[in-house]
Amino acid sequence: MCSVSDDLDCLSLTSSGSGTDKSLFHATCKKCRSEPAKVVVQLKEAFCKNCLLLYVNHRFRACLGKSKLIKPKEKILVAVSGSLASATLVDLIHCGLQDTTPKRLMFSPIIVFIDDGAALGLSNEQRLKIFQEMRIMLKNCGLSTFYVPLESVINFEHNDLKEIQSETTLSINECSVSKVRKIFEDLKSVTSKEDLLIKLRNNLLIQSALTLNCSKILTAETGTDLAVKLMSNIVIGRGAHLPLDVGFCDTRCTSVLLLRPLQDVSKKAVAFYVLMKGLKTVFIPAFSSIERKNCSLQKLTENFLVGLHCEFPSTMSTIFRTGEKLSLNPLSPNFGTSSCELCQGPLDIYATESSAYLATQISSAVSKYGKAAINSDGIHVMNHSSERAKNRILSSSCKNEANGTFFNPVCYGCQLILAESNNQIHLLQNSLRKHHNQILRDKMKEEIADFLIE
Amino acid sequence: MASCTSSIPSGEREVSECSSATGGAGKELKVNIEFMGGAEMMFDNQKKLNVTLPPAECKWTIRSLLAYMKVHCAKGGGLERFFTGDSVTPGILCVINDQDWELLDTLNYELEPNDNIIFISTLHGG
Ligand SMILES: [Zn+2]
Ligand SMILES: [Zn+2]
């Protein structure tokens, strides 16, 4: 039935009621069968320290190796946030480069840390403290390390990328900071704030990668993160982009691929890796840190799934394995040829007749304009399936909802963000359009590459 | 060793009963607590806590330690982000002397002097 066995064979629908299983007390390691076990990684699989470190390393290497995407000497950007997972990723790469066996990692990594303090509304002192902690955390890894503040997304210049070890203080562009702060304060829900932050971070990572001549980005998203992201993305209207957002490889920008090499490792395994190796981490608060427990749809989903996972320990891997089987169908009539200006994902708004998307459009039009909407807009959308007509309507609806700030259409998930923002988000428009056009050019270059004479 | 945990449903009641009891071991118990991954936010941003637990008739367990921490160590709001029922919120790991608490009977683990207990939040935003 299912080809992926190692996590799923322990698929049990009965509650494990963590902690009541006496067979695990003072167990010996399942792998080497000699050392005392230190951590339970999977259901009834207890590992000693050494075997856990090997296990995490093996999962990481196998995931990268299997993909065959990374070539020797290739410049690779490694996105680091200070979290448990990113400390693990940096250490795995650091050790992999020093390996003396033929399995040595051959690519040349460049670390980039995005300081999102401006979006979170942190004070300059708080940001400086985080910056200095990050410097210490990354000091001993021996890799070149760059720092870029999130507010650079307003007007990205190549020199916004700074060598972290040669900087002692932060040079903060107060004007951009206040713009970014306004954009985020303007959004009503924590759900949209978290969603927009992810999109802007990705945008900045791609721009940094292009600047540093990196053709790939590695992120430290674990299997647990991706399972939660899969479910919460469905909830927040990003279902159409799932294979890009939670799969191993995000191809929305053809010249810079985003890879997730920790996808086969759980967050718990990563936490023990950090603990056992004594790695430094930096805690950076999120929007949800100061809010109540279920302040956003993403947090609510996370709390629900993590709670469920406690009772049914195969929850996360089951969700994740399901997500792995999803793929985008570029020929689907639901996707247009162009991409979303905000998130660069394929546009999911060229809906066929009687789709869920049109249903929401019509229902929102009806609740706004009453019966008149059906006679004009609603029927209009349904009867004119030519792309141009749809385009016109959709761009006008985007315009209405975001007060005329975006002229190119955006995807459904991004429309929800724009609908919440009053008008501050137009501050992003110029830089996003520049970025968008660059990605389009890259795509075009690739498409015509075969016809070019060298 | 006598255990007082199974008969008492509420963690908080247990602390009061345990700490008000006299006799027994009659000695203070010192443990070192550490927070990681944002779990420190609920504890005044202190990364490390040295807790001296008052003498108690029955052995201190992780369950009674959590109830004690809820009353004596936690600061400000957002308690539900760390505590759920008589345990920690799912997603917060507990490590006792470098060992996963799932290997040590979780809440029923009986504390020893100078135990090192680490709480790591694996949740987004701590
Ligand atoms: Zn072992
Ligand atoms: Zn979008």
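Presented here is a report on the structure given in the accompanying data block. Starting afresh in each chain, residues are numbered from 1 along the sequence in its written order. For this description, chains carry letters from A and ligands carry numbers from 1, given in the order in which they are written. A pLDDT threshold of at least 70 governs which residues receive local features in this predicted model, and a stricter bar of 80 or more applies before side-chain atom pairs are shown or counted, although totals over entire chains, interfaces and linings include all residues. Hydrogens are left out, water is left out, and the side-chain values use all remaining heavy atoms of the structure.

### Re the overall build of chain B
So, step 1. Broken down by element type, chain B carries 2 helices and 7 strands.
So, step 2. When the helices and strands of chain B are read in sequence order from the N terminus, they spell out α-β-β-α-β-β-β-β-β.
So, step 3. With 126 residues in all, chain B has 54% of them scored as buried.
So, step 4. Two residues form a contact once any of their heavy atoms are found within 4.5 Å. Taking the contacts inside chain B whose residues are at least 6 apart along the sequence as the reference set, 64% of them involve residues at least 24 apart. Only DSSP runs of H or I covering at least 4 residues are called helices, and only runs of E covering at least 2 are called strands; the numbering of each starts at the N terminus. Partly exposed describes any residue whose relative accessible area lies between the buried limit of under 20% and the exposed limit of over 50%, with all areas from a 1.4 Å probe on protein chains only and scaled to the type maximum.

### With respect to the pairing of strand 2 (residues 48-53) of chain B
Residue and element names in this part refer to chain B.
So, step 1. Burial of strand 2 is one-sided: the residues Leu49, Val51 and Leu53 facing one way are buried, the residues Lys48, Asn50 and Thr52 facing the other way are not.
So, step 2. Pairing between two strands is assigned when DSSP locates at least 2 bridges connecting them. Looking at chain direction, strand 1 (residues 29-36) and strand 2 are connected through 6 bridges and run antiparallel. Of the residues in strand 2, the one forming a bridge with asparagine 32 is asparagine 50.

### Focus: helix 4 (residues 124-139) of chain A
All names here are of chain A.
So, step 1. Taking 1.5 Å of rise per residue, the 16 residues of helix 4 would be expected to cover 22 Å, and the 22 Å separating its terminal C-alpha atoms lies within 8% of that figure.
So, step 2. Within the span of helix 4, buried status applies to Arg127, Ile130, Phe131, Met134, Arg135, Met137 and Leu138. Down the axis of helix 4, the buried side of the element spans an arc of 165 degrees, and every buried residue falls inside it. Within helix 4, the exposed residues directed more than 90 degrees away from the buried face are Glu125, Lys129 and Lys139.
So, step 3. Residues of helix 4 that are buried make contact with strand 3 (75-80), helix 2 (84-98), strand 4 (108-115), helix 3 (117-120), strand 5 (144-149) and helix 5 (174-186). Any helix carries an expected span of 1.5 Å times its number of residues minus one. Regarding the arc, it is the one traced by the directions from the helix axis to the C-beta atoms.

### Observations concerning the coordination of the zinc ion (ligand 1)
All names here are of chain A.
So, step 1. Surrounding the zinc ion (ligand 1) are the protein donor atoms Cys29 (SG), Cys32 (SG), Cys48 (SG) and Cys51 (SG), which sit 2.3 Å from the metal.
So, step 2. Expressed as a motif, the donor residue spacing for the zinc ion (ligand 1) is C-x2-C-x15-C-x2-C. Pair noted here: cysteine 29 is in the segment before strand 1 (39-42) and cysteine 51 is in helix 1 (residues 49-67), with a separation of 22 residues, a long-range link.
So, step 3. By relative accessible area, cysteine 29 is classed as buried at 1%. Each metal site lists N, O and S donors within 2.8 Å (3.2 Å for Na, K and Ca). With water left out of the atoms, a site can look as if it is missing ligands.

### Focus: the side chain of A:Arg260
All names here are of chain A.
So, step 1. With respect to the helices and strands, the residue arginine 260 is situated in the loop between strand 9 (257-259) and helix 9 (267-277).
So, step 2. Residue arginine 260 is classed as buried on the basis of its relative accessible area of 1%.
So, step 3. When near neighbours in sequence (up to four residues on either side) are disregarded, arginine 260 contacts Cys63, Thr219, Glu221, Leu226, Lys229, Leu244, Asp245, Val246, Gly247, Phe248 and Asp250.

### Notes on the coordination of the zinc ion (ligand 2)
So, step 1. The coordination sphere of the zinc ion (ligand 2), as far as protein atoms go, consists of A:Cys340 (SG), A:Cys343 (SG), A:Cys411 (SG) and A:Cys414 (SG), spread over 2.2 to 2.3 Å.
So, step 2. Each label reflects the angles at the metal, where four donors whose angles all fall between 85 and 135 degrees are tetrahedral, four or six donors whose opposite pairs open beyond 155 degrees and whose other angles stay between 65 and 115 are square planar or octahedral respectively, and the rest are irregular. Around the zinc ion (ligand 2), the 4 donor atoms sit at angles spanning 102 to 119 degrees, and that spread fits a shape best called tetrahedral.

### Structural notes on the sheet that holds strand 7 (residues 116-121) of chain B
Residues and elements named next belong to chain B.
So, step 1. Strands sit in the order 2-1-7-5-6 across an open sheet of 5 strands; the sheet is mixed. The open sheet is flanked by strand 2 and strand 6 (99-100), the only strands paired with a single partner.
So, step 2. Both strand 1 and strand 7 contribute to a ladder of 5 bridges, which runs parallel. What sits directly across from phenylalanine 35, in strand 7, is phenylalanine 119.

### Considering the pattern of salt bridges
So, step 1. Criterion for a salt bridge: a side-chain nitrogen of Lys or Arg within 4 Å of a carboxyl oxygen of Asp or Glu. Applying the stated criterion across every chain yields a total of 20 salt bridges over all chains.
So, step 2. One salt bridge in this structure joins A:Asp91 and A:Lys277, with 3.0 Å as the shortest N-O distance. Note that A:Asp91 is positioned in helix 2 and A:Lys277 in helix 9, a separation of 186 residues in sequence.
So, step 3. The exposure class of A:Lys277 is partly exposed, given its relative accessible area of 34%.
So, step 4. Between B:Lys59 and B:Glu112 there is a salt bridge, and its shortest N-O distance comes to 3.6 Å. On the criterion of sequence distance, the pair formed by B:Lys59 in the loop between strand 2 and helix 2 (62-72) and B:Glu112 in the loop between strand 6 and strand 7 is long-range, its members being 53 residues apart.
So, step 5. When its relative accessible area of 27% is taken as the criterion, B:Lys59 is described as partly exposed.

### Details of the interface of chain A and chain B
So, step 1. Taken together, the contact between chain A and chain B spans 33 residues of the former and 29 residues of the latter.
So, step 2. Accessible area, probed at 1.4 Å, shrinks when two parts are joined; the buried area is that loss added up over both. Summing both sides of the interface, chain A and chain B together bury roughly 2600 Å²; the carbon and sulfur share of this comes to 62%.
So, step 3. Counting across the chain A and chain B interface gives 2 salt bridges.
So, step 4. In this structure, A:Lys268 engages B:Asp100 in a salt bridge whose closest nitrogen and oxygen atoms are separated by 2.7 Å.

### Observations concerning the pairing of strand 7 of chain B
Residues and elements named next belong to chain B.
So, step 1. Of all 6 residues that make up strand 7, 5 are buried, and the element is covered over most of its length.
So, step 2. In this sheet, strand 7 lies alongside strand 5 (residues 92-96) in antiparallel orientation, the contact comprising 5 bridges. The partner of valine 95 across the bridge, within strand 7, is isoleucine 118.

### Focus: the sheet that holds strand 9 of chain A
Residue and element names in this part refer to chain A.
So, step 1. Taken together, the 7 strands give an open sheet; going across it, the order is 6-5-4-3-7-9-8, and neighbouring strands pair in mixed fashion. Edge strands, defined here as strands with exactly one partner in the open sheet, are strand 6 (162-163) and strand 8 (249-250).
So, step 2. Bridging between strand 4 and strand 5 involves 6 bridges; their strand directions are parallel. Looking across to strand 5, one finds that isoleucine 110 is bridged to serine 144.
So, step 3. Angles run from 0 to 180 degrees between N-to-C directions of axes, and those axes are lines fitted to C-alpha atoms, restricted for helices to the stretch in contact. Running over the sheet, helix 2 touches strand 3, strand 4 and strand 7 (216-218) and is turned about 150 degrees from strand 3.

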